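Take a look at the letters that make up each chain.
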Amino acid sequence: MDKLLIEGGVALHGEVTISGAKNSALPILASSLLSDETMEIANVPHLHDVTTTIELLGRMGLSIVVDEKMNVEINSSGISSFFAPYELVKTMRSSILVLGPLLARYGVAEVSLPGGCAIGARPVNLHLQGLKAMGAEIKVEGGYIKAKAKRLRGAEINLDVVTVTGTENLLMAATLADGQTKIHNAAREPEVVDLANCLIKMGAIIEGAGTDTITIEGVSDLKGTSYQILPDRIETGTFLAAIAMTRGKAKLKKTNPDILDAILSKFKEAGCRIATGSDWVELDMSNGDLNAVNIRTAPYPGFPTDMQAQFTALNCVSNGTSFVTESVFENRFMHILELQRMGAILKLEGNTVIIEGKNRLTGAPLMATDLRASASLVLAALAADGTTEVERIYHIDRGYETIEEKLSKLGARIRRMPGRIKS
Ligand code: EPZ
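Read on for a plain summary of the structure. Predicted, not measured: the structure shown is a model, and the values here were computed from it.

### Focus on the overall build of the protein
Part 1 of the argument: Regarding its fold elements, the protein presents 14 helices and 24 strands.
Part 2 of the argument: For the protein, the spread of C-alpha atoms along the principal axes amounts to about 60 × 50 × 40 Å.
Part 3 of the argument: Counting contacts in the protein only where the partners sit at least 6 residues apart, residues at least 24 apart contribute 74% of the total.
Part 4 of the argument: As displayed, the protein has an accessible area near 16300 Å², and 49% of this comes from carbon and sulfur atoms.
Part 5 of the argument: Between the mean site of the 44 positive side-chain charges and the mean site of the 49 negative ones, the protein shows a separation of 3 Å.

The structure is reproduced here in structure tokens:
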């Protein structure tokens with residue numbers, strides 16, 4: 001398995017381009033199941049999760065053409081299977097996003113239950129409850145969700161917990177249901193809005209995306225369209241943390257500062273100088289000193305859980321004691337043990353980690369466990385003295401496009417070491 005070799009202590013400078021959002025691309029690729037006309041999707045990030053989704057849809061018989069710029073042309077009229085196998089779903093939980101579209105368009109779906117993962121149990125009960133409210137017959141047996149529906153009908157759905165992919169699954173299902181659906185306590189993430197905007201371009205009738213109540217009037221069919229994926233706000237935040245932690249100054253292009261409010265305000269609170277334009281963000285921490293900041297994660301527009309590990313790492317090298325509370329997932333602290341191996345002083349009490357800041361971290365051999373935890377280890381390594389090896393970086397490849405190339409462009413001393421081929 002590949003690993004990353006990082007020499008810390010270099011202040012990052014220069015410019016780098018942000019990729020399309022993973023968490024927009026995945027549901028929008030799945031939405032191609034809702035129409036038998038061609039969809040052209042641009043700014044798709046070149047990520048392992050995206051290639052897994054393309055493989056899943058390809059196995060179902062969809063025709064998919066990807067060009068060298070990762071523009072994806074996809075047509076589902078040749079679909080031959082409504083099955084999402086465990087071997088793929090276990091590597092990428094968001095495969096569950098084919099369930100709603102398959103039920104809405106074809107009335108049948110067999111999708112492996114996504115297991116839990118390092119950060120939590122990750123149940124999908126709310127996805128299933130919502131689809132049942134829309135008239136689907138659903139049983140779970142042998143680790144598979146087996147669902148069918150003559151035609152989904154509109155329903156009032158109250159989500160007990162804010163769920164991003166739950167909202168997305170039900171939103172997609174409702175576009176072709178008979179009648180009106182209201183989703184209450186809906187997720188408000190920009191990626192949900194991006195999906196809704198794409199569905200509206202396909203002819204869906206949707207109001208309220210981005211608020212906690214989304215109203216959908218079902219239609220009989222949806223058209224093909226062309227759509228450009230939103231920039232990735234979490235990749236943006238991750239790179240901003242790298243610039244801040246190395247006391248650098250750099251600019252991130254092809255991003256969108258309007259969906260970064262909670263993140264940018266925390267960087268400003270930490271003492272970073274931030275400048276923004278319509279599609280760029282620049283962070284300047286040269287000759288500065290970081291102040292640790294308290295974080296409590298929450299659904300959008302709150303501080304994103306997907307940035308918690310990165311700010312935990314930032315607080316380790318900042319002045320002062322800080323408290324980081326993870327309120328979305330029950331076990332999103334796998335990075336703590338690895339940061340401690342670098343000399344960070346952190347203590348976990350319940351779902352809050354207490355961080356004694358201002359420590360010189362030292363490089364060490366580390367192991368990645370999940371996507372955002374692995375990103376936080378790379379950040380810590382960039383700020384540390386000495387050399388760090390991060391193993392199991394397939395986790396990081398799931399959510400960051402060629403991270404070592406982009407960081408190298410900013411001056412980081414980082415390279416990918418091909419894993420030893422097992423003899
Ligand atoms: C999405 O995951 C994102 N993934 C995650 O990003 C992100 O961390 C998460 O939303 C929260 O923002 C994609 O969009 C592909 P949830 P999702 O359903 O939808 C509970 C990354 O790093 N819940 O919003 O799976 C659940 O246990 C990934 O890019 C239920 O109880 O998360 C959790 O506590 C990681 N029942 C809370 O809701 C359900 O049926 C939020 O989970 C569904 C969820």
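### Side note on the pairing of strand β21 (residues 352-356)
Part 1 of the argument: With 4 of 5 residues buried, β21 lies mostly within the body of the structure.
Part 2 of the argument: By the bridge criterion, 5 bridges tie strand β19 (residues 321-325) to β21 in an arrangement that is antiparallel. When the bridges of β21 are listed, serine 322 appears paired with isoleucine 355.
Part 3 of the argument: With 5 bridges joining them, strand β20 (residues 345-349) and β21 adopt antiparallel strand pairing. By the bridge assignment for β21, lysine 347 is matched with isoleucine 354.
Part 4 of the argument: The antiparallel hairpin formed by β20 and β21 contains 2 residues in its connecting segment, where glycine 350 sits at a positive phi of about 65 degrees.

### Focus: the site of the ligand
Part 1 of the argument: In the region of the ligand, 22 residues are neighbours, and Asn125, Thr163, Thr165, Asp306 and Val328 sit closest.
Part 2 of the argument: Contacts to the ligand include asparagine 125, whose side-chain N or O atom sits 2.7 Å from a nitrogen atom.
Part 3 of the argument: Taking threonine 165, its side chain carries an N or O atom lying 2.6 Å from an oxygen atom of the ligand.
Part 4 of the argument: Those elements that place two or more of their residues in the shell around the ligand are α1 (22-30), α5 (125-133), α6 (164-174) and α12 (371-383).
Part 5 of the argument: Per element, the largest residue contribution to the shell around the ligand is 3 residues, and it comes from α5.
Part 6 of the argument: The residue inventory of the shell around the ligand, partitioned by class, reads 9 nonpolar, 7 polar and 6 charged.

### Concerning the sheet that holds strand β4 (residues 63-66)
Part 1 of the argument: Across the sheet, which stays open at both edges, the 4 strands sit in the order β4-β5-β3-β14 with mixed pairing between neighbours. Across the chains shown, the open sheet's two edge strands, defined by having one partner strand only, are β4 and β14 (226-228). Averaged over neighbouring strand pairs, the angle between their axes works out to 15 degrees when direction is ignored.
Part 2 of the argument: Sheet topology note: the β4/strand β5 (residues 72-75) ladder contains 4 bridges and is antiparallel. What sits directly across from serine 63, in β5, is asparagine 75.
Part 3 of the argument: Packed onto the sheet, helix α7 (residues 190-201) meets β3 (39-42) and β14 and runs at close to 160 degrees relative to β14.

### Section: α1
For an α-helix, 3.6 residues make a turn, and residues three or four places apart therefore share a direction.
Part 1 of the argument: The buried fraction of α1 amounts to 8 of the 9 residues, a majority that puts the element mostly inside the structure.
Part 2 of the argument: If you check which residues of α1 are buried, you get Lys22, Ser24, Ala25, Leu26, Pro27, Ile28, Leu29 and Ala30.

### Here we look at the packing of aromatic side chains
Part 1 of the argument: In this structure the tally under the stated criterion is 4 aromatic pairs.
Part 2 of the argument: Ring centres 4.7 Å apart and planes at 50 degrees place the aromatic pair phenylalanine 267 and phenylalanine 311 in the tilted group. Of this pair, phenylalanine 267 sits in helix α9 (residues 261-269) while phenylalanine 311 sits in helix α10 (residues 308-316), placing them 44 residues apart in sequence. Of the two residues, phenylalanine 267 and phenylalanine 311, neither departs from the other in class, the shared state being buried.

### Examining the pattern of salt bridges
Part 1 of the argument: Under the definition given, this model contains 22 salt bridges.
Part 2 of the argument: For the salt bridge of lysine 22 with aspartate 49, the shortest nitrogen-to-oxygen distance reads 4.0 Å. In this pair, lysine 22 sits in helix α1 while aspartate 49 sits in helix α2 (residues 48-59), placing the two residues 27 residues apart along the sequence. We note that lysine 22, like aspartate 49, is buried.
Part 3 of the argument: Aspartate 36 is the partner of arginine 105 in a salt bridge, and the nearest nitrogen-oxygen pair spans 3.6 Å. Placement of arginine 105 in helix α4 (residues 99-106) and of aspartate 36 in the loop between α1 and β3 is noted, with a sequence separation of 69 residues between them.
Part 4 of the argument: We classify aspartate 36 as partly exposed; its relative accessible area is 40%.
Part 5 of the argument: Through salt bridges with shared partners, one network takes in Asp2, Asp397, Glu404 and Arg416.

### Quick notes on unusual backbone geometry
Part 1 of the argument: Here the residue pair tyrosine 300 and proline 301 is connected by a cis peptide bond, since its omega of 10 degrees sits within 30 degrees of zero.
Part 2 of the argument: Among the secondary structure elements, proline 301 is positioned in the loop between β18 (295-296) and α10.
Part 3 of the argument: Residue methionine 70 is not a glycine yet carries a positive backbone phi of 65 degrees.
Part 4 of the argument: Take methionine 70: it is sitting in the loop between β4 and β5.
Part 5 of the argument: We classify methionine 70 as buried; its relative accessible area is 11%.

How each quantity is defined
- Residues numbered from 1 in each chain as written.
- Predicted model: local features only at pLDDT ≥ 70, side-chain atom pairs only at ≥ 80, totals over all residues.
- Heavy atoms only, no water.
- Helix = DSSP H or I, 4+ residues; strand = E, 2+ residues; numbered from the N terminus.
- Contact = heavy atoms within 4.5 Å.
- Areas by Shrake-Rupley, 256 points an atom, 1.4 Å probe, with all protein chains shown as cover.
- Lys, Arg positive; Asp, Glu negative; His and termini not counted.
- Charge placed at Lys NZ, Arg CZ, Asp CG, Glu CD.
- Buried < 20%, exposed > 50% of the residue type's maximum accessible area, 1.4 Å probe, protein only.
- Pairing = 2+ DSSP bridges.
- Near = heavy atom within 4 Å.
- Polar contact = N/O pair within 3.5 Å; in protein donor to acceptor, adjacent residues only side chain to side chain.
- Nonpolar A, V, L, I, M, F, W, Y, C, P; charged D, E, K, R; others polar.
- Axes fitted to C-alpha atoms, helices over the stretch in contact; angles between N-to-C directions.
- Phe/Tyr/Trp six-rings, centres within 6.5 Å; stacked < 30°, edge-to-face > 60°.
- Salt bridge = Lys/Arg side-chain N within 4 Å of Asp/Glu carboxyl O.

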